[in-house]
Amino acid sequence: MKQFSYVRVTSGKAAISELSKDKTAMFLAGGTNLVDLMKSGVTNPERLVDITRVPLATIEATKTGLRIGALAKNTAVAEHPLVLKHFPLLSQALNAGASPQLRNMATVGGNMMQRTRCHYFYDTALPCNKRNPGSGCGAIGGFSRMHAIFGASDKCIAVHPSDMCVALTALDAVITVTGAKGERKISFGEFHRLPGDTPEIDNTLQRGELITAVDIPFNDALQQTHYLKVRDRASYAFALVSAGVALSLKGNNIADVRIAMGGVAHKPWRLKEAEAYLKGKPATEEHFREAARLTMAQAKAEEGNAYKLTLAPNTIVEALKLAAANGNI
Ligand code: SF4
């Protein structure tokens, strides 16, 4: 690990000011991804601005929804009574991620900012356009078992690794960020980006901005939820494919539905076409299968991840069935 300077701050204003003093400076929160990136030489900030004592960990109801501070720990969010009551999908997704120890350290903002777990990205001896723009993509034509089937480019086929972000995308969350020019809002679906020609850019956060909170609008009709994560082992593994579903049923008819997927794209992948198809229809396997078929029309795979072309639609259908049948398990 390269040498770096360290400063601890206690306010958002000081955090932004300290970050501006070095163009390589980065915010340090839980450190559960950043420290790994620094140890392996992928990320080499010369200054770390420790924001763990900035008071941004509150979880509270507002008039229209739930506000979660960016420094709230993943465990605190997953176990919070208001999250369990109003947004069980978020709790399910958080508990599917990482391990209890990591969830105790990792923050909401850090979870959003975590980087892909593509093996080529973490090995500085190998080509990777995300780590070293213009060097090539080792995964294309290489080891691509974990990689994207939606929205990839000829520069990068990496996936975003978060489970929490899948739920927040499905739940229409809105992010608040603050910087030298003031505060702005970003809808969750527009925060992470597709790789295009610039895979080194993960998201739409601007240099110098600090994530301060995430707001989720109340929609208590969407109470039948299920987060289904398919992975190589039962814990402490990233998703091969995941699907988060929040359903509102009137009798057996789908009054409303939200669906998003993880492990399939450079960003959490919202299934708007499938949602539009399902609204107003009976909650039957036949309709779930058609919704999955519509989604998969955009899919494209490498040899190594071609199995996802079967696994992804099956995961969508199974998550919808479980949400419709039981809800909140
Ligand atoms: Fe790098 Fe993206 Fe290719 Fe992985 S998929 S090697 S992160 S450019």
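Values in this document were obtained by computation on a predicted structure and should not be read as measured data.

Asker: Would you explain the overall build of the protein in this entry?
Answerer: A tally of regular secondary structure across the protein gives twelve helices and twelve strands. Its C-alpha radius of gyration of 19 Å places the protein within 12% of the 20 Å reference for a compact globule of 329 residues. Judged by the C-alpha coordinates and their principal axes, the protein covers about 60 × 50 × 35 Å. Relative to its full complement of 329 residues, the protein shows a buried share of 53%. Long-range pairs, those at least 24 residues apart, make up 64% of the contacts in the protein with a sequence separation of at least 6. Total accessible area on the protein is roughly 14500 Å²; 53% of this is exposed by carbon and sulfur atoms. The protein carries 39 positive and 29 negative side-chain charges, and their two centres are separated by 4 Å.

Asker: What is the right way to look at the site of the ligand in this model?
Answerer: The full set close to the ligand counts 14 residues, and Cys 118, Cys 128, Cys 137, Cys 156 and Ile 157 are the nearest of them. Here the residues of the shell around the ligand sort into nine nonpolar, three polar and two charged.

Asker: Mind showing me how you'd approach unusual backbone geometry here?
Answerer: One non-glycine residue, Ala 98, adopts positive backbone phi at about 50 degrees. Mapped onto the fold, Ala 98 is located in the loop between helix 5 (88–96) and helix 6 (100–105). Even without being glycine, Asp 172 reaches a positive phi, approximately 60 degrees. Inspection of the secondary structure assignment puts Asp 172 in the loop between helix 9 (164–170) and strand 6 (174–179).

Asker: Looking at this model, I keep getting lost on the nonpolar core. Mind explaining?
Answerer: Within soluble globular proteins, side chains that are nonpolar tend to cluster in buried spots. Of all hydrophobic cores here, the largest spans 37 residues; its most connected members are Ile 68, Val 77, Leu 90, Met 112 and Ile 175. Contributions of two or more residues to this core are made by strand 5 (65–69), helix 3 (74–79), helix 5, helix 7 (108–113), helix 9, strand 6 and strand 8 (210–217). At six residues, helix 9 tops the list of elements feeding residues into this core. Contacts of Val 77, omitting those with residues within four sequence positions, involve Ile 59, Ile 68, Ala 72, Val 83, Leu 90, Leu 94 and Val 108.

Asker: Looking at this structure, I do not really get a nonpolar patch on the surface. What am I missing?
Answerer: Taken together, the side chains of Met 1, Phe 4 and Tyr 6 make up a nonpolar region of the molecular surface, amounting to roughly 320 Å² of accessible area. Inspection of the secondary structure assignment puts Phe 4 in the segment before strand 1 (5–8). The exposure class assigned to Phe 4 is partly exposed, which follows from its relative accessible area of 33%.

Basis of the calculations
- Residues numbered from 1 in each chain as written.
- Predicted model: local features only at pLDDT ≥ 70, side-chain atom pairs only at ≥ 80, totals over all residues.
- Heavy atoms only, no water.
- Helix = DSSP H or I, 4+ residues; strand = E, 2+ residues; numbered from the N terminus.
- Rg over C-alpha atoms; globule rule 2.2 N^0.38 Å.
- Buried < 20%, exposed > 50% of the residue type's maximum accessible area, 1.4 Å probe, protein only.
- Contact = heavy atoms within 4.5 Å.
- Areas by Shrake-Rupley, 256 points an atom, 1.4 Å probe, with all protein chains shown as cover.
- Lys, Arg positive; Asp, Glu negative; His and termini not counted.
- Charge placed at Lys NZ, Arg CZ, Asp CG, Glu CD.
- Near = heavy atom within 4 Å.
- Nonpolar A, V, L, I, M, F, W, Y, C, P; charged D, E, K, R; others polar.
- Core = buried A, V, L, I, M, F, W, Y, C linked by side-chain atoms within 4.5 Å.
- Patch = residues over 30% accessible without salt bridge, like charges linked within 9 Å, V, L, I, M, F, W, Y side chains within 5 Å.
- Salt bridge = Lys/Arg side-chain N within 4 Å of Asp/Glu carboxyl O.

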